[in-house]
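Read off the chains here:
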Amino acid sequence: MPGISHVLNLAKEALLTHQSAIAVAGHNITNVNNEGYSRQTLGLSTPSATPSGIGMFGNGVRGDRVDRSYDRFMVQRLVDQESTLANLQAQNESMRIIEASFNEAPGMAMNDLLSQFWSSWQDLATNPELISSRQTVVQQANLINEQFHITSSEIARSRQDISSNIQTSIQTVNAITTQLAAINIEISSNETEFQQQNDLRDERDRLTKELAQYMDINYFEMSTGAVTILLTDGHALVENNASWDIKWQDDGIAWLSTDSNDTTVATQIGINYPLGGKIGGWLEVHDNLVEGQPENYLGRLDSLANSFIREVNQIHTQGVGLVSHADKLTSENQANRTTLLHSTVDASTALEDISDGRININGRDVGPIAGAVASEGVAMGKAYNAATAINAALSDVQAKLTTQVQGTPVNPLAVGDSLNFFIEGVEINYAFQVGDDDITGTTFATNLTAAINTAITNYNNPLLTPENIPKIKIDAVLGDGTNGGDINAIVLRNRQEGDDANIEITGIEEDPTVLPAYTMEQKIGLANGVFIADASHNTGTLSLFNHKGRIEIDAGPNDIYLTQLGLGGGNATTGGAKDDPGDGKIIFTAADNSVANSINGYDYSSTLNLDGGSFNIWIYNSDDTLALPQPVSIPTDRAYTLEDIAESINISIINASGTSSSWIQASVENEQLVLTPDSSHKFAFGGDDSNFLATAGLNTFFAGNSASTIKVTSLLPENLEHVAAGKVNEFGEIFRGNEQNALDLTNIQRMEDIKFRGASDNTLDGHYNSLVAEIGLKSQTVERDFQYNTLVTGQLTEMRDSVSGVNLDEEMANLIKFQQAYSAAAKLINISDEMLQTLLGTVAR
């Protein structure tokens, strides 16, 4: 039977247990305002009973663990909600600033400024002879330019601010993941089944929640008590005692890891999976502000400025001011040195498709490239598909093909046969030579190829034919079954890489009576026609041009797709190229290969219509009388560089004037075309269906190509008489009262089919209104979602606190209860002591 000692032990355990309970309640009370703290309770258990002759006697109570009031699923849901709310908050704050950047205050709204600009041209059309009206046009243009500059600057400032926010947040994220890894070590090394590190777990949950505010995460607890934290795309941030950093680079987030060589490797993240959280929200807005993306906010603003400049210039260049040009005129735009990356598409893999987004060029994903059957060893179809897809990506890289015409195998000539036809206007005269009747046709094909090349060389020789323009840069080669032409077929191709100028063949007689047994077409294997660089008339090569000096290609982790396009294997190794074999990447610069003064070096080169195009120059004597009765037509066919245009101008004027030198000397200086009249002549421009004048910046109103670069050309502010309100009439006369060009310019505001880069055709006002409306709608949507998710987060926090939060009333009640129990245990000790004293007194007597 239990004795007095048993009662004393019961009292002692009760005293210690309720003392511990009071300590736990006190810990709860002191942490009542500690965010993320989970209420703790003392877990009580009853020790095993002691057997006796009359039954089992209990051994009181014992505190064996400190429990944490915790709902894992509610916490997980709250973490996810915090990430959503933080994402919307970041977007909301940023969008408010962006919305304010598009200032639509009355009088300064872009639509108002455009309307005032068109009205100034209408006023000029009413009074074209007034200098004051021309001054108003320039002033209104400058107001538009200033608004473009302000908006562009505000966007750039917002982009920089967001970048700073992201960089600061990334530092915080890296610090948090380091702390979490350290806490993992403490928890996994110090916990037992019944003794958990509750306060450390609360701290870990708090840090996890804070981390989720910056990025979307998934996390789970291992059997050791450590947590593993992953990004939504599977990249690890924390695992056991290890953590991984992230980094802001190249306008994106990179995940840093170390390879087997202890080299840090940066892997781009957030491409296929949104990052979420504040960083994801900022990044979403930031992506709408970066340069080089025509679909984003900045890109569409730049597209508006670009189209506005283009449309005004295309009309202005064809007009004339109050006077003709008597002084040297330098083009406003430069034909920049153009980086040229040239490759031959692999014919052995011509049938293989390249999926959408597998190749990225200068930050733009290239769409799907369909395979096509190779023809005579050349992947013409796939090269055409690749060029089309690259150009559709709207990067600053332009893909071009080289035109090639491949005939059918020739048939032997008969003795006495003769041929006469034309290639790009070059007359090819050929008479039967010994061996041309060889049944294989090899001799005839070889001789005819040589004759074509000789004729073209003689045509281009200035000593033989100085009046010939343009120079014909075409080569004839003999088909061999691997160069796109069948064996013994004549193959004609443009000589320069990426020269997609048409090749025209004329004069091939189709009457079989001229050459008995065979038509002339059957004899030489060539047919009349104008052949363009399409899917069946190209050399199977890709020429990638970039006037900004750099081509960067990323085709994944290896060279599979680059090899299909002839770019694999680390072939680009000169200059500043970076092309390690097998890494799927190429960095190619102007130092590696470039074309000086390339026509493709203009910002507006994609608008050129050189084949069959021309522009007109009217030439006047110094007394303003006509020097020639008709304008001089300047052909732009086959122009590849600015020197080709200058040569075409000089020779055309010499041919038209019958003089030995050009009255208007064209030259190239600092990548610009310069027109210099002699002291006896002046000039003005007429029509231009090649769009060269607007592209080069000759007789234009605006310069620049974007919202940040738009400006009035340097000539006009100090030479208002050259604001082209009129047009030279059909007789070459310039009338001060002519208003035709001004009226044509005012019609731009009503044009509904203006082309915009990265957007559908629209009016200028319509394009801008859709941009402003989208920004406003996005801002309102984010604001509404933010307000809604704020309420949801509050409700979830309340639900979490109902389980884990500290309730002071409840804790005070517990304190009283534990205090009373403690007092009762102390009373029990007193009673036991009295019983013991009584017993001892009895024994003593």
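Residues numbered from 1 in each chain as written. Predicted model: local features only at pLDDT ≥ 70, side-chain atom pairs only at ≥ 80, totals over all residues. Heavy atoms only, no water.

Enquirer: Describe in detail the overall build of the chain, supporting the description with residues and values.
Expert: For the chain, the helix and strand inventory stands at 16 helices and 36 strands. Residue burial in the chain is summarised as follows: out of 845 residues, 49% are buried. Considering only contacts within the chain whose residues lie at least 6 apart along the sequence, 69% involve residues at least 24 apart. The positive charge centre, built from 48 side chains, and the negative charge centre, built from 107, are 11 Å apart in the chain. (Helix = DSSP H or I, 4+ residues; strand = E, 2+ residues; numbered from the N terminus. Buried < 20%, exposed > 50% of the residue type's maximum accessible area, 1.4 Å probe, protein only. Contact = heavy atoms within 4.5 Å. Lys, Arg positive; Asp, Glu negative; His and termini not counted. Charge placed at Lys NZ, Arg CZ, Asp CG, Glu CD.)

Enquirer: Hey, could you go over the pairing of strand β9 (residues 246-249) for me, with residue numbers and the actual values?
Expert: Note on strand geometry: in a regular strand, side chains alternate between the two faces of the sheet. Judged by which residues are buried, β9 turns out to be one-sided: I246 and W248 face inward and are buried, whereas K247 and Q249, on the alternate face, are not. Of the pairings in the sheet, the one linking β9 to strand β10 (residues 252-258) comprises four bridges and is antiparallel in character. Bridge pairing in β10 links K247 to A254. The hairpin turn running from β9 into β10, its antiparallel successor, is two residues long, and D250 in that turn takes a positive phi close to 50 degrees. (Pairing = 2+ DSSP bridges.)

Enquirer: Residue-level account of the sheet that holds strand β22 (residues 503-506), with values.
Expert: Read across the open sheet, the four strands follow the order β19-β18-β22-β23; overall the sheet is antiparallel. The open sheet is flanked by β19 (426-431) and β23 (529-531), the only strands paired with a single partner. Here the strands of the sheet are splayed against their neighbours by 20 degrees on average, with no regard to which way each runs. Here strand β18 (residues 418-423) pairs with β22 via two bridges, running antiparallel. Within β22, the residue paired with F422 across the bridge is T506. Docked against the sheet, helix α9 (residues 442-460) engages β18 and β19, running at close to 145 degrees with respect to β19. (Axes fitted to C-alpha atoms, helices over the stretch in contact; angles between N-to-C directions.)

Enquirer: Can you explain the pairing of strand β30 (residues 664-669)? Please cite residues and give values.
Expert: With six bridges joining them, β30 and strand β31 (residues 672-677) adopt antiparallel strand pairing. Residue A666 lies in a different strand from β31, and its bridge partner there is L675. Hairpin connection between β30 and β31: a loop of two residues separates the two successive antiparallel strands, and N670 in this loop has a positive phi of roughly 50 degrees.

Enquirer: Kindly report on the sheet that holds strand β8 (residues 242-243), identifying the contributing residues and their values.
Expert: Spatial ordering of the open sheet is given by β5-β6-β7-β8, a layout of four strands whose pairing is antiparallel. In this open sheet, the two edge strands, each paired with only one partner strand, are β5 (217-221) and β8. As defined by bridge partners, β5 adjoins strand β6 (residues 227-231) across five bridges and the pair is classed as antiparallel. Bridge pairing in β6 places I217 opposite L231.

Enquirer: Now, about the packing of helix α3 (residues 110-126) against helix α15 (residues 764-804): what can you tell me, with residues and values included?
Expert: Two elements in contact, α3 and α15, have axes separated by 10 Å at closest approach and are oriented at 170 degrees. Compared by their axis directions, α3 and α15 come out roughly antiparallel. Within the contact between the two elements, α3 uses M110, N111, L114 and W118 and α15 uses L764, D765, Y768 and N769. Along the lines of polarity and charge, the residues of the contact of α3 with α15 split into five nonpolar, two polar and one charged. (Parallel < 35°, antiparallel > 145°, perpendicular 65-115°, else oblique. Nonpolar A, V, L, I, M, F, W, Y, C, P; charged D, E, K, R; others polar.)

Enquirer: Please set out the packing of aromatic side chains residue by residue, giving values where relevant.
Expert: Going through the model one piece at a time under the given rule, you end up with 15 aromatic pairs. Residues F102 and Y768 carry aromatic rings whose centres are separated by 6.4 Å and whose planes lie at 40 degrees to one another, so their mutual orientation is tilted. Here the residue F102 occupies a position in the loop between α2 (72-101) and α3, and Y768 occupies one in helix α15, the gap between them amounting to 666 residues. Accessibility expressed as a relative area gives 5% for F102, which makes it buried. The buried category is assigned to Y768, whose relative accessible area is 3%. By the ring-pair criterion, three or more aromatic residues cluster together here, those being F117, W118, W121, F308, F701 and F702. One residue, R68, lies across the ring of Y70, its end atom 4.1 Å from the ring centre. (Phe/Tyr/Trp six-rings, centres within 6.5 Å; stacked < 30°, edge-to-face > 60°. Lys NZ or Arg CZ within 6 Å of the ring centre and 35° of its normal.)

Enquirer: Go over the packing of helix α4 (residues 131-190) against helix α7 (residues 297-316) with me, naming the residues and quoting the values.
Expert: Where α4 contacts α7, the two axes come as close as 11 Å, and the packing angle between them is 160 degrees. With respect to each other, α4 and α7 are oriented roughly antiparallel. Crossing of α4 over α7 shows left-handed handedness. Every residue of α7 that contacts α4 at I144, F148, T151, S152, I155 and R159 is listed here: L298, L301, L304, A305 and F308. (Left-handed = near helix turned anticlockwise from the far one by under 90°.)

Enquirer: How would you summarise unusual backbone geometry if you had to cite specific residues and measurements?
Expert: Not every positive phi belongs to a glycine, and E376 is a case in point at roughly 50 degrees. Here E376 lies in the loop between β15 (364-366) and α8 (380-392). Phi at E424 takes a positive value of approximately 50 degrees, unusual for a residue other than glycine. Note on placement: E424 falls in the loop between β18 and β19.

Enquirer: Explain a negative patch on the surface to me, and be specific about the residues and the numbers.
Expert: Taken together, the side chains of D250, D251, D287 and E291 present a region of like negative charge at the surface. Assignment of secondary structure puts D251 in the loop between β9 and β10. Residue class for D251 comes out partly exposed when judged on its relative accessible area of 44%. (Patch = residues over 30% accessible without salt bridge, like charges linked within 9 Å, V, L, I, M, F, W, Y side chains within 5 Å. Areas by Shrake-Rupley, 256 points an atom, 1.4 Å probe, with all protein chains shown as cover. Salt bridge = Lys/Arg side-chain N within 4 Å of Asp/Glu carboxyl O.)

Interpretation note: all reported values are geometric properties and have no functional meaning in isolation.
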